[in-house]
Amino acid sequence: MTEAFAIVDPSTGAAFTEVGMADASEVDAAVRRAVRAQEGWAALAPADRARLLRRFAAVVDAHVEELATLEVRNSGHPIASARWEAGHVRDVLEYYSGAPERLIGSQIPVAGGIDVTFHEPLGVVGVIVPWNFPMTIAAWGFAPALAAGDAVVLKPAEWTPLTALRLAGLALEAGLPDGLLQTVPGRGADAGEALVRHPDVAKVVFTGSTRTGSRVMALAAEQVKPVTLELGGKSANIVFADADLDAAAAAAPGAVFDNAGQDCCARSRLLVERSVLDAFLERLEPAVVAWRVGDPRSEDVQMGPLVSAAHRDRVASFVDGSTPVAFRGSAPSGAGFWFAPAVLLPDRPDDRVLREEVFGPVVAVQAFDGEAEAVRLANETAYGLSGSIWTRDLGRGIRVSQAVRSGALSVNSNSSVRYTTPFGGMKRSGIGRELGPDAPLAFTALKNVFYATGEAPA
């Protein structure tokens, strides 16, 4: 039976609507509709699928402001960020609209005939997305899957389902077949597990915690079902003594406080070469103090509230007085799940702020001596998702980027995600890659066909 779930505005702490939570029977019904829709979708000419995806992108573009406003209220994202996120969905759809006509196989030389490979759609794909970036991460899954000829059943996080629901509606408005892209809100233990276990779901794409990702992988393994997992992170932002300290310090707050730190790519460990530590902190403090936290509806706000009271309490547990605090920013008081950005100076190597994913606006600063120690500290984590390296030495930038075990690294910037390049983690940060030109291939099965030509006529 469907449960009514209250949706809360994080900036006020007040519920403003309810959304029904699907149970296993509703997930089953959605998958059955997707199976039927996928058959027709795969039968369309590639050019027609491409045209419909471009139309979907255009409809999203026409609704960017609506989607952004919805995300502000549901997720607490600043309006400028939410507007970018909605535009990103449009861009991802536009990019993958070129894929249906470019799923090119190979002709392989063999004796006695010709051998040809085909990329065929898997069927129905389950996409499970988290609450921190509901629109963008959903698009990373459904856009290349649709381009590959698959149908998608999308399960958003129960806290933040509104933009995912609206995107499914916009797909229908754009003319995509009914049932091809469905959003099914629900709890992970109910709708999520039902989606992963469903025998007609050919692949699962999951973004979320490493603990839950391990569970998803285990359930999918029961049916030998492929998964893509984008999981946690504990990324390092490495600042060498020869770096442009002004630029590195100015960029550091955005690297960890963007989206209130609720980002698996957040550079939550700031490693600074000891000889410039004091000089760097002197530059970092005014940048942190100036970081604008407030009403996410304001155009000039850089950071809104955390997503929930429970999550705010968890983040606050890292700033409990047991770890020295260098300085903090400011945040509104009163209603809403507000939290002032914090810069910590852990003095114990086993401090939990150096090991656990905070998922909030908290950064831990560590000093290092030399390149080898910087690499050791950067790799001293179970995660390996993202990170940054600040240096003027090109050779050092190359050496360190090759030595740090992370799936995405940026030299002299804090960039992690571009839809034109592959994204994913190492170690406990996940398996598989999203985005980039080859992403649709991950939603296909490679079929090999040998055509025997027989003997040539005399």
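Refer to the structure above for everything that follows.
A. Structural detail: the pattern of salt bridges. Evaluation of the coordinates by the stated rule reveals 26 salt bridges. The shortest N-O distance in the salt bridge between aspartate 28 and arginine 32 comes to 2.8 Å. Of the two residues, aspartate 28 and arginine 32 are both situated in helix α1 (residues 24-43); the distance of 4 residues between them amounts to about one turn of the helix. Given the relative accessible area of 24%, aspartate 28 is considered partly exposed. Classification of arginine 32 as partly exposed rests on a relative accessible area of 48%. Residue aspartate 242 is joined to arginine 396 by a salt bridge in which the shortest nitrogen-to-oxygen separation is 3.5 Å. Pair noted here: aspartate 242 is in the loop between β10 (236-239) and α9 (245-257) and arginine 396 is in helix α13 (residues 394-403), with a separation of 154 residues, a long-range link. What makes aspartate 242 partly exposed here is its relative accessible area of 25%.

B. Structural view of the side chain of glutamate 71. You can see glutamate 71 is positioned in helix α3 (residues 64-75). An unpaired buried charge is present at glutamate 71: no salt bridge exists, and arginine 297, the closest side chain of opposite charge, is 11 Å distant. A polar contact of 2.6 Å, which involves the side chain of glutamate 71, links it to the side chain of serine 75. Ignoring any residue separated from it by four or fewer positions in sequence, one finds glutamate 71 in contact with Gly76, His77, Ala82, Glu85, Pro134, Met135 and Thr163.

C. Geometry of the environment of tryptophan 159. Note that tryptophan 159 resides in the loop between β6 (151-155) and α6 (162-173). On the basis of relative accessible area, tryptophan 159 is assigned to the partly exposed category, the value being 32%. A C-alpha to C-alpha distance of 8.2 Å links tryptophan 159 and alanine 6, two positions 153 residues apart in sequence. Once residues lying within four places of it in the same chain are set aside, the contact partners of tryptophan 159 are Phe5, Ile7, Asn74, Trp131, Val307 and Ser308.

D. Representation of the sheet that holds strand β3 (residues 107-110). Spatial strand order, β3-β4-β20: 3 strands in an open sheet with antiparallel pairing. The outermost strands of the open sheet, each flanked by one partner alone, are β3 and β20 (444-452). Across the sheet, the mean angle from the axis of one strand to that of its neighbour is 25°, orientation sign disregarded. Pairing geometry for strand β4 (residues 113-121) and β20, over 9 bridges, is antiparallel.

E. Spatial organisation of the environment of phenylalanine 56. Tracing the backbone shows phenylalanine 56 in helix α2 (residues 46-62). The exposure class assigned to phenylalanine 56 is buried, which follows from its relative accessible area of 0%. Considering only alpha carbons, one finds phenylalanine 56 and glutamate 94, 38 residues apart in sequence, at a separation of 8.4 Å. If we ignore the near neighbours within four places in the chain, the residues touching phenylalanine 56 are Leu93, Phe142, Leu167, Leu170, Ala171, Ala174, Leu176 and Leu181.

F. Geometry of the packing of α3 against α6. Running from N to C, α3 and α6 cross one another at 160°; their axes reach a closest spacing of 9 Å. Considering their axes alone, α3 and α6 lie roughly antiparallel with respect to each other. For the pair α3 and α6, the sense of crossing is right-handed. Between α3, through Glu66, Leu67, Leu70, Glu71 and Asn74, and α6, the contact on the second element is made entirely by Leu162, Thr163, Arg166, Leu167 and Leu170. Its residues placed into classes, the contact of α3 with α6 shows 5 nonpolar, 2 polar and 3 charged.

G. Local environment of a nonpolar patch on the surface. Together, Ile108, Val110 and Phe450 make up an exposed nonpolar region whose accessible area comes to about 230 Å². Tracing the sequence through the fold places phenylalanine 450 in strand β20.

H. Inspection of the packing of aromatic side chains at higher detail. Within the structure shown, the criterion is met by 8 aromatic pairs. When the ring of phenylalanine 56 is compared with that of phenylalanine 142, the centres are 6.0 Å apart and the planes differ by 20°; the resulting orientation is stacked. Taken together, the residues phenylalanine 56 in helix α2 and phenylalanine 142 in helix α5 (residues 134-147) connect sequence positions 86 residues apart. A network of ring pairs unites the aromatic residues Tyr95, Tyr96 and Tyr419 as a single cluster. Above the plane of the ring of phenylalanine 443 lies lysine 203, whose end atom (NZ or CZ) is 4.7 Å from the centre.

Parameters at a glance
- Residues numbered from 1 in each chain as written.
- Predicted model: local features only at pLDDT ≥ 70, side-chain atom pairs only at ≥ 80, totals over all residues.
- Heavy atoms only, no water.
- Salt bridge = Lys/Arg side-chain N within 4 Å of Asp/Glu carboxyl O.
- Helix = DSSP H or I, 4+ residues; strand = E, 2+ residues; numbered from the N terminus.
- Buried < 20%, exposed > 50% of the residue type's maximum accessible area, 1.4 Å probe, protein only.
- Lys, Arg positive; Asp, Glu negative; His and termini not counted.
- Polar contact = N/O pair within 3.5 Å; in protein donor to acceptor, adjacent residues only side chain to side chain.
- Contact = heavy atoms within 4.5 Å.
- Pairing = 2+ DSSP bridges.
- Axes fitted to C-alpha atoms, helices over the stretch in contact; angles between N-to-C directions.
- Parallel < 35°, antiparallel > 145°, perpendicular 65-115°, else oblique.
- Left-handed = near helix turned anticlockwise from the far one by under 90°.
- Nonpolar A, V, L, I, M, F, W, Y, C, P; charged D, E, K, R; others polar.
- Patch = residues over 30% accessible without salt bridge, like charges linked within 9 Å, V, L, I, M, F, W, Y side chains within 5 Å.
- Areas by Shrake-Rupley, 256 points an atom, 1.4 Å probe, with all protein chains shown as cover.
- Phe/Tyr/Trp six-rings, centres within 6.5 Å; stacked < 30°, edge-to-face > 60°.
- Lys NZ or Arg CZ within 6 Å of the ring centre and 35° of its normal.

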